[in-house]
Every structure is written in structure tokens, then in C-alpha cells.
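Working through the structure, step by step
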Amino acid sequence: MNSLDVFGLNPLSVLIFAPALGALLVLAVPSGNKVLARWISLAVAIGVGALAFVVFFAYDRTLGGYQFTTQTEWFTLLGSSWHLGVDGISVTMILLTGILLPLAILISWEIEDRAGVHLALILFFETGLMGVFVAQDLMIFFLFYELSLVPIYFLIDQWGGANRKYASTKFMIYSIGGTLGMLLASQLIGWTAGTFDIAELSRIWPAFNGADGAFLGISVGTVKALAFVGFFIAFCIKVPVWPFHTWLPDAHGEAPTAGSMLLAGVMLKLGAYGFIRLVVPFFPDVWAGDINIFGIHTTAAGIFAFLAMMGIVFGAFAALAQNDIKRLVAYSSVNHMGFVALGIAVMALAYGKAYLDPTNTDMMQHAVMAANGAVMQMFNHGLSSAGMFLLAGAIYHKTHTRDLREYGGLWVKAPIYGGVFIFTSMASLGLPGLNGFVSEFLVVRGSWPVFTWLTLISMIGLLFTGSYILKGIRAVLHGPFNMKWSGTNLEIELREFIAIAPLMALMLFTGLYPDWILNVINGSVVRLLGM
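Residues numbered from 1 in each chain as written. Predicted model: local features only at pLDDT ≥ 70, side-chain atom pairs only at ≥ 80, totals over all residues. Heavy atoms only, no water.

**A few points about the overall build of the protein chain**
A tally of helices and strands in the protein chain yields 20 helices and 6 strands. Dimensions of the protein chain along its principal axes, counting C-alpha atoms only, are 80 × 55 × 45 Å. Within the span of the protein chain, comprising 531 residues, buried residues form 63% of the whole. Here the contacts in the protein chain between residues at least 6 apart in sequence split such that 80% fall between residues at least 24 apart. Of the roughly 19100 Å² of accessible surface on the protein chain, 67% is carried by carbon and sulfur atoms. Here the protein chain contributes 25 positively and 28 negatively charged side chains, and the mean placements of these two sets differ by 9 Å. (Helix = DSSP H or I, 4+ residues; strand = E, 2+ residues; numbered from the N terminus. Buried < 20%, exposed > 50% of the residue type's maximum accessible area, 1.4 Å probe, protein only. Contact = heavy atoms within 4.5 Å. Areas by Shrake-Rupley, 256 points an atom, 1.4 Å probe, with all protein chains shown as cover. Lys, Arg positive; Asp, Glu negative; His and termini not counted. Charge placed at Lys NZ, Arg CZ, Asp CG, Glu CD.)

**Focus: the packing of helix H5 (residues 138–147) against helix H6 (residues 149–159)**
Two numbers describe a pair of packed helices, the interaxial angle and the distance between the axes. Orientation of H5 relative to H6, taken along the N-to-C sense of each, is 5°, at an axis distance of 4 Å. The angle between H5 and H6 falls in the class roughly parallel. The residues of H6 that touch H5, namely those facing Tyr145, Glu146 and Leu147, are Leu149, Val150 and Pro151. A breakdown of the residues in the contact of H5 with H6 according to their chemical character gives 5 nonpolar, no polar and 1 charged. (Axes fitted to C-alpha atoms, helices over the stretch in contact; angles between N-to-C directions. Parallel < 35°, antiparallel > 145°, perpendicular 65-115°, else oblique. Nonpolar A, V, L, I, M, F, W, Y, C, P; charged D, E, K, R; others polar.)

**Topic: the side chain of Ser332**
Relative to the elements of secondary structure, Ser332 occurs in helix H14 (residues 325–356). Excluding anything up to four places from it in sequence, Ser332 contacts Ala319 and Tyr468.

**Focus: the pattern of salt bridges**
Summed over all chains, the structure comprises 16 salt bridges. We note a salt bridge from Lys34 to Glu112, for which the minimum N-O separation is 3.2 Å. Linking Lys34 in helix H2 (residues 34–58) with Glu112 in the loop between helix H3 (88–107) and helix H4 (115–134), this pair joins segments that are 78 residues apart in sequence. Residue classification places Lys34 among the partly exposed positions, given a relative accessible area of 27%. Residue Glu496 pairs with Lys398 through a salt bridge whose shortest N-O separation is 3.1 Å. Taken together, the positions of Glu496 in helix H19 (residues 494–512) and Lys398 in helix H15 (residues 364–399) put the pair 98 residues apart, joining distant regions of the chain. Judged by its relative accessible area of 2%, Glu496 is buried. One connected set of salt bridges, linked through shared partners, spans Lys34, Arg38 and Glu112. (Salt bridge = Lys/Arg side-chain N within 4 Å of Asp/Glu carboxyl O.)

**Things to note about the pairing of strand S6 (residues 296–299)**
In this structure, strand S5 (residues 290–293) lies alongside S6, joined through 4 bridges in antiparallel fashion. Bridge pairing links Asp290 to Thr299 in S6. Counted along the chain from S5 to the antiparallel partner S6, the turn is 2 residues long, and its residue Phe294 has a positive phi close to 50°. (Pairing = 2+ DSSP bridges.)

**What about the confidence of the model for the protein chain?**
Mean pLDDT over the protein chain: 89, with 98% of residues reaching 70 or higher. H3 holds the highest mean pLDDT among the elements of the protein chain, 95, whereas strand S3 (residues 214–215) holds the lowest, 56. (pLDDT = per-residue confidence, 0-100.)

**Things to note about H5**
Across the 10 residues that make up H5, a large majority, 8, are buried. Taken residue by residue, H5 has Leu138, Met139, Ile140, Phe141, Phe142, Phe144, Tyr145 and Glu146 as its buried positions. The N-terminus of H5 is capped by Asp137, whose side-chain oxygen sits 3.0 Å from the backbone nitrogen of Met139. (Polar contact = N/O pair within 3.5 Å; in protein donor to acceptor, adjacent residues only side chain to side chain.)

**Re a nonpolar patch on the surface**
A surface patch of nonpolar side chains, amounting to about 460 Å² of accessible area, comprises Phe17, Leu21, Leu24, Leu27 and Val117. If one sorts the elements of the nonpolar patch by residue count, helix H1 (residues 11–28) sits on top with 4 residues. Looking at the secondary structure, you find Leu27 in helix H1. When its relative accessible area of 42% is taken as the criterion, Leu27 is described as partly exposed. (Patch = residues over 30% accessible without salt bridge, like charges linked within 9 Å, V, L, I, M, F, W, Y side chains within 5 Å.)

**Observations regarding helix H18 (residues 452–477)**
When the terminal C-alpha atoms of H18 are compared, their 38 Å separation across 26 residues agrees well with the 38 Å that a helix rising 1.5 Å per residue should span. Gly479 lies just past H18 and shows a positive phi near 80°. (Expected span 1.5 Å × (residues − 1).)

**Details of the packing of H14 against H15**
At a minimum axis separation of 8 Å, H14 and H15 run at an interaxial angle of 165°. On the basis of the axis angle, H14 is roughly antiparallel to H15. Classified by chirality, the crossing of H15 by H14 is left-handed. (Left-handed = near helix turned anticlockwise from the far one by under 90°.)

**With respect to the pairing of strand S1 (residues 67–75)**
When a strand is regular, its side chains alternate between the sheet's two faces. Here S1 runs beside strand S2 (residues 80–86); their pairing, made up of 6 bridges, is antiparallel. Residue Glu73 lies in a different strand from S2, and its bridge partner there is Ser81.

**Some words on the nonpolar core**
Membership of the largest hydrophobic core comes to 205 residues, with the highest contact counts inside it found for Phe231, Phe275, Phe283, Trp287, Phe304 and Tyr417. Looking at this core element by element, the count peaks at 20 residues for H14. Phe304 has contacts with Phe232, Cys236, Val241, Phe275, Trp287, Ala341, Ile344 and Ala345, leaving out every residue within four places of it along the chain. (Core = buried A, V, L, I, M, F, W, Y, C linked by side-chain atoms within 4.5 Å.)

**Comments concerning unusual backbone geometry**
Here the residue pair Val239 and Pro240 is connected by a cis peptide bond, since its omega of -10° sits within 30 degrees of zero. Locating Pro240 in the fold gives a position in the loop between helix H9 (220–238) and helix H10 (247–254). Note that the residue after Trp242, namely Pro243, is joined by a cis bond; omega there is 5°. Following the sequence through the fold, Pro243 ends up in the loop between H9 and H10. In this structure, Arg114 takes a positive phi of about 50° despite not being glycine. The topology assignment puts Arg114 in the loop between H3 and H4. Of note, His400 is a non-glycine position whose phi angle comes to about 60°, a positive value. The topology assignment puts His400 in the loop between H15 and helix H16 (415–429).

Here's what the structure looks like:
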């Protein structure tokens, strides 16, 4: 299984470079030949998606360690190498990326202005995503993490809505500002340890004590805390965790449909993945160490869980207050990704306590459940949020308005669209039998014994999730029909239905049989937690 190759090349390297080569090919197509550019980009995305499927199903969950690994000298002076590999967590994110990119390309066929450049940017974005998910070297991770920002910036800035300049600039300032601290922390950790290999750093950095408990004249505890903050803020912005989320509604609201699908579907997962891959194993003592805030004793994991709870509750309240369909879906992402953050907080606290005291494994079973739920929620939210933004874009391109108050009673004109809209909304809501229920249940069940009060308060957000979902359904489909649209064809197009059909199938299949993906995730979660 681990000998998989593509014409003698490592499959993970192909996943990274094939989209970039495809993007260059699309750019070489004459600007007047939009049809050829569209078909080439779709063929490349489908080919990469097919390879992602092969890698996922070839992955052997019974084996420990990383699989399909390759390591080559790259930046020897710095101690960095071209080191790639996947476990059950990263291979799940690769699968999600491979599913969503062809669908986003298909939706982007509606773009007429500089169509080739638009499609090429999406393929370049896929290169950045794949690079992050397969990187086993911290500098490679950072390189592709930064690379993923550039295509999305230009997609919003050049093809976005009326406020695209503001939204794209805000997105870039937040992203670059956050990753500056991450870069400094990465350099500090790699220079101290003498390597940027992530697996080695997970072993070396937590045990680092410096000379007589100090490093560069500063206590090691302070140095580690500062490095932790660098990573923490960068990934909180990307998830996004409250209150670092304010770039998200603007970016989602102004991005073209494909950009919104990929932002919510995959890009937000880079932050959560960074927490799981780097911050949890690098800083176990920081996560579980005592923090005194105005006489209240807590931990960094407890603070993170509090921020997650705030995101769940306030994200739901904010979504309920929206009359812009895309901003409603955008705030729903803050709400749903809050469950991911809550699950990671449980995982971090359990891992940290076990590191400080190897006999303290009381909450490990809860952590396994919460971490499984968090990773699965990353996958499930990717499906449902991409579907919701696809549907929001579909109705916008026919009506040229995102104002929910301008819709009303559209089911009579678009019954197929209405059925798809309700199905996807119910998956986002977490209806039992659909994918969202499984992952959110696992997070809540795993978090309850560890952060009982925070989990209880989070249920307020879950209650209002139903409210904003029903508000959206009522505003779009029910009530008196707005005669303004009597002469407009509002029904979902064949291309749009083809794009959302795989997402709907996976929402249903995962809801009924979650083990097809949960077993892959669980093996890596258990090994990561040292069980």
C-alpha cells in the first residue's frame, strides 16, 4: 500500500505540483478560448481529485506512523527538507480538497471576465492546500500555508462584489498579520532544535529546557509561551475563532461563488489542522499549565474552549440577524467551526495533562471522542458549507441580489432548487441521519465531562442554529411569491446540480454510515494521543 506511485513519482508530490502545472497550462490558453480553458482546468481538478481518492483508500489505517512518505534534501543550511507524508487526519483533508476543487471549477464556468486567470488561481490555490496537508517539515508547511493566501486574495479582489477591495485587503491584513508571529515562532523552534522536521520537533521541543532553565536570558517557560501565542493567534484567525473572525463575513460576502465555497469548505480547515498537527504536540505543557486571571485559575486549553463557546453562541446570534444570504452562511461557519475548536481544546488539555503526569489519563477517552468529532466536523462542514455557498451563489446569479427580503415563495418557481436547499440546510443544521449530526454529537459528548459548563452554554448556539437555518428557508422558499421574479428562471441549472449532487450524496452516506471515514480518523487520533 505504501509503494503507491504515479509514473514513478511520489503521489503526494504529484498532488502538490499537478494543480500548479495545470494552472500554467490554463494560462497558456489564448484568452479568447474560454471553453478550452474551462475543460482543461476541470480535467486537471478531476485528475487530482481521483488521485486524492486513491491515496485515501490506499491508506492503511492499521499501520502506525506516516505513509506514502518521501524525504529529499531541500534547504540543508537551515535544516529543512522536502519531507511529505500523511496520516488519517491529513488524508481526510486531502480527500475533502480533492472533492471540492472540481466542483468549484465547474461552478466557475459562469465567469466570463478573464476566465482563464480565474480558473488558474483556483488550481494554484489547490497546490497550497495540498502542500499544507502533506507537509512533514515546518518550513514546507509555512511555505504552502502562505502560498494559499495569494490566490484567494486575487479571487476576491478581482472577481468579488461591490466591496471586494475592502474585503480582500482586510483578509490579507488579518492573514499576514497572524502568520508573522507564526513565522517567528517557527524560526525560533527550528533553530533551537536544529531541525524543522515536524515529527522530530514534536519529540524535541516539549522537552527543551535550555541552559539552566533559560534561553537567550529568558526563562524557557516564557519563550515557549511566546512561541505558543505566535501559532495560536495565526491559527485562531484562520479557523476562525471568536474574536478573530471579523474578516470572514466580508471575505465570504464579497468572494465569487467558487471562492466562498473554497474559503469555507477547505481554507478554514488549515487553522484547525495547524492546531492538531503543530500546536497540540509542540506545547503540551503550555496547554495544561495553570493560568491565573484575576484570581481565576484556568489553562490555555480552558481559554481556547471559552473562545470556542463564544464562537458557537455569537456565531449563531450573528447569523440569525443577517438579511444577506451569504453573510448568514458565513456567520454559520463561525458557529460550526466553534465545535471544531471545542473538540481540539479537549484534545489539547488531555494531551497536556498526560504529558505532565503520564499516570493522568482520566480524560483520554473523552479526548479521543472529541478529537474524532473535531476532525470529522472539519470534513462535514466542508461539504455542507460549500453546498450552502453554491446554492447562495446560484440564486444570486439569477436575481442579482443577496437580500433575503427580496426573495420569498421561490419554491413555486424553483421546486428542485427548493428541495436541494432544504436538504443541504438540514445537513448544516445537524439533522440526525445526515453528516453534521455525527460530528457535532461526538464533540459535545467528548467535551461534556471536561468542559461541562462551556458545553452547556454552547447548546444555546445549537438552539439558535435551528433558528437561523429556518429563517433562511422561510425567507427564500416560503411566504408570498415576490412577483418581481415572475419572468425570471430561478430553477437550479444542470451544471449547478451536477456540482452539488456529490456533496448531497456524501452528506447522506456519511450521516448513515460514518465509519467509512471515522475509522481512518480514529486510528491517527488514538496514536497522536499516545493511547
